[in-house]
Amino acid sequence: MITYRHRVSINGTLPLEDQMSRTSGTPNSEGPTGGTPTWVKVLALIAIVVVVAFIVSLLAGVQHGPALHEPSSGTVCTVAAA
Amino acid sequence: VVLPAQWRKLALTAHVVASVGWLGAVLAFLALAAVGLTSPDPQTVRGVYLAMEPAAWLALVPLAIASLVTGLVSSLSSVWGLFLHYWVLFKLLINLFATAVLLIYTETFRAMAAVAADSSADLTLVRNPSPALHAVLALGALLVATVLAVYKPRGLTPLGQRPRSARRLSPPP
């Protein structure tokens, strides 16, 4: 399996054609044929954690949205009545 | 869709301007939210929450939509595509999510402005940490999108890994 890791030279830099491709802002024709990159897994994991945390907070009864910011029924709110 | 080079550059310039402008607007909102939470002057606090709603409609929402539209044009008119590279896909998801949350949050701005406009409402009711929290989260998401746009980390989606000829021949979903 060919991954990008194999394309990095001994001193840790990318081959020249890859560097040129990156600085010119165009994709390299040689894409990865291996699995999903690590950074994608990390970002996907963070996104899943955020979504799950939001769902759990909703299930736990934590209020969200504008209703949370409106005064309670006991508070006088002349603007709302106007 | 293949656009001439000058049109692609124009779309990219517009996308950078809109996206960085959105980031700056969020930063300004964070500053406003901090003033609203910390200022000892009641008029200043009320003014902050009153100003947030129109400022959101005049700055945040147009910039978010402009960033989304110009991003779609830029990606679809370039060799990067929209679903071929993970960094483009993540930027699209971040943009869509942030824009959706912002549009929903405009109702919260309206509610907070209504409370701030009520002179009988206590200042502790007017002060609200929610804009600061949302601004910090938005700032984080937009910074991630900016880093992705600058570094363009490697990684092709399954669609991007398919040979170009196969992508052309495949029927639309």
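Residues numbered from 1 in each chain as written. Chains lettered and ligands numbered in written order. Predicted model: local features only at pLDDT ≥ 70, side-chain atom pairs only at ≥ 80, totals over all residues. Heavy atoms only, no water.

1. Here we look at the side chain of Ser39(B)
Residues and elements named next belong to chain B. Looking at the secondary structure, you find Ser39 in the loop between helix H1 (5–38) and helix H2 (42–76). At a separation of 3.2 Å, a polar atom in the side chain of Ser39 contacts the main-chain amide nitrogen of Asp41. Not counting chain neighbours up to four residues away, the residues in contact with Ser39 comprise Thr44, Val45 and Arg127. (Helix = DSSP H or I, 4+ residues; strand = E, 2+ residues; numbered from the N terminus. Polar contact = N/O pair within 3.5 Å; in protein donor to acceptor, adjacent residues only side chain to side chain. Contact = heavy atoms within 4.5 Å.)

2. A look at helix H5 (residues 130–151) of chain B
All names here are of chain B. Taking 1.5 Å of rise per residue, the 22 residues of H5 would be expected to cover 32 Å, and the 32 Å separating its terminal C-alpha atoms lies within 8% of that figure. Taken together, the buried positions of H5 are occupied by Ser130, Pro131, Ala132, Ala135, Leu139, Leu142, Ala145 and Leu148. Of the residues trailing H5, Lys152 is marked for its positive phi of about 45°. (Expected span 1.5 Å × (residues − 1). Buried < 20%, exposed > 50% of the residue type's maximum accessible area, 1.4 Å probe, protein only.)

3. Description of the pattern of salt bridges
Side-chain pairing between opposite charges can occur once the charged atoms of the two side chains come close. Residues and elements named next belong to chain B. Evaluation of the coordinates by the stated rule reveals one salt bridge over all chains. With a shortest N-O distance of 3.1 Å, Arg110 and Glu107 are connected by a salt bridge. One end of the pair is Arg110 and the other is Glu107, both in helix H3 (residues 86–117) and three residues apart, which spans about a single turn. (Salt bridge = Lys/Arg side-chain N within 4 Å of Asp/Glu carboxyl O.)

4. Thoughts on the packing of aromatic side chains
Residue and element names in this part refer to chain B. Throughout the structure, instances matching the rule amount to four aromatic pairs over all chains. On the basis of an interplanar angle of 55° and a centroid distance of 5.5 Å, the ring pair of Phe29 and Phe109 is categorised as tilted. Taken together, the residues Phe29 in helix H1 and Phe109 in helix H3 connect sequence positions 80 residues apart. Taken together, a centroid distance of 4.9 Å and an interplanar angle of 85° make the contact between Tyr105 and Phe109 edge-to-face. Note that Tyr105 and Phe109 are positioned in helix H3 at a spacing of four residues, about one turn of the helix. Side by side, Tyr105 and Phe109 carry an identical accessibility label, which is buried. One aromatic cluster is present, built from ring pairs that chain together Phe29, Tyr105 and Phe109. (Phe/Tyr/Trp six-rings, centres within 6.5 Å; stacked < 30°, edge-to-face > 60°.)

5. A closer look at the nonpolar core
Counting residues in hydrophobic clusters, the biggest one holds 28 residues, and the most contacted among them are Trp22(B), Val26(B), Tyr49(B), Met52(B), Leu60(B), Phe109(B) and Val126(B). Contributing elements (two or more residues each) for this core: H1, H2, H3, helix H4 (123–126) and H5 of chain B. For this core, the element with the highest residue contribution is H2(B), accounting for eight residues. Sequence-distant contacts of Met52(B), that is, excluding residues within four places in its chain, are made with Phe29(B), Leu32(B), Ala33(B), Phe109(B) and Pro131(B). Counting 13 residues, the second largest nonpolar core, distinct from the first, contains Val40(A), Leu68(B), Trp80(B) and Leu82(B). (Core = buried A, V, L, I, M, F, W, Y, C linked by side-chain atoms within 4.5 Å.)

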